[in-house]
Amino acid sequence: MRRSKTQKIEELVKLVLKEQGLDVKLKELELIKTWEKVIGKNVANATTDLYIRNRKLFVKLRSSIIRNELMLIKTGLIQALNKEVGGKIIDDIVLR
């Protein structure tokens with residue numbers, strides 16, 4: 001006998017995460033994890049720190065040359081990162 005009001009566990013987990021406000025934090029973590037995939041291994045190796053605060057991705061780099069190159073493609077990089085996680089998670093990137 002099957003119950004009529006059953007839900008998939010995946011749907012329930014998403015609902016609980018959304019109610020607790022953790023869905024955005026998970027997306028932010030996913031975005032940080034996709035940094036190397038989007039930007040490439042060489043640039044990722046020059047990255048020392050990544051974190052998100054107030055919808056801004058803060059990136060600390062070892063190389064000023066790479067920082068200048070990333071400044072030139074900043075808007076495209078924002079779009080690529082957001083597309084990779086499937087939502088608008090960041091609005092800006094701060095390169096240091």
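Before reading further, recall that the structure is shown in the block above.
Just so it is clear, the model here is predicted, and its values are computed rather than measured.

### Some words on the pairing of strand E2 (residues 56-61)
- As judged from the six bridges shared by strand E1 (residues 47-53) and E2, these two strands associate in the antiparallel manner. Within the sheet, the bridge partner assigned to Arg-53 lies in E2 and is Lys-56.
- Taken together, E1 and the strand that follows it, E2, pair antiparallel across an intervening segment of two residues, in which Asn-54 is found at a positive phi of about 55°.
- Note that E2 and strand E3 (residues 92-95) share four bridges and pair parallel. Bridging across to E3, Leu-57 finds its partner in Ile-93.

### Here's the deal with the side chain of Thr-47
- Along the chain, Thr-47 falls in strand E1.
- Separated by 3.2 Å, the side chains of Thr-47 and Trp-35 make a polar contact.
- In this structure the side chain of Thr-47 is engaged in a polar contact, spanning 3.1 Å, whose partner is the backbone oxygen of Val-43.

### Concerning the nonpolar core
- In this structure, Leu-31, Trp-35, Leu-57, Leu-70, Leu-81, Ile-90 and Ile-93 are the most contacted members of the largest nonpolar core, which totals 20 residues.
- Sorting the residues of this core by element identifies helix H3 (35-39), helix H4 (41-45), E2, helix H5 (64-72), helix H6 (74-85) and E3 as the ones contributing at least two each.
- Those residues in contact with Ile-90 that lie beyond four places of it in its chain are Leu-31, Ile-52, Arg-55, Leu-57, Ile-78, Leu-81 and Asn-82.

About the thresholds
- Residues numbered from 1 in each chain as written.
- Predicted model: local features only at pLDDT ≥ 70, side-chain atom pairs only at ≥ 80, totals over all residues.
- Heavy atoms only, no water.
- Pairing = 2+ DSSP bridges.
- Helix = DSSP H or I, 4+ residues; strand = E, 2+ residues; numbered from the N terminus.
- Polar contact = N/O pair within 3.5 Å; in protein donor to acceptor, adjacent residues only side chain to side chain.
- Core = buried A, V, L, I, M, F, W, Y, C linked by side-chain atoms within 4.5 Å.
- Buried < 20%, exposed > 50% of the residue type's maximum accessible area, 1.4 Å probe, protein only.
- Contact = heavy atoms within 4.5 Å.

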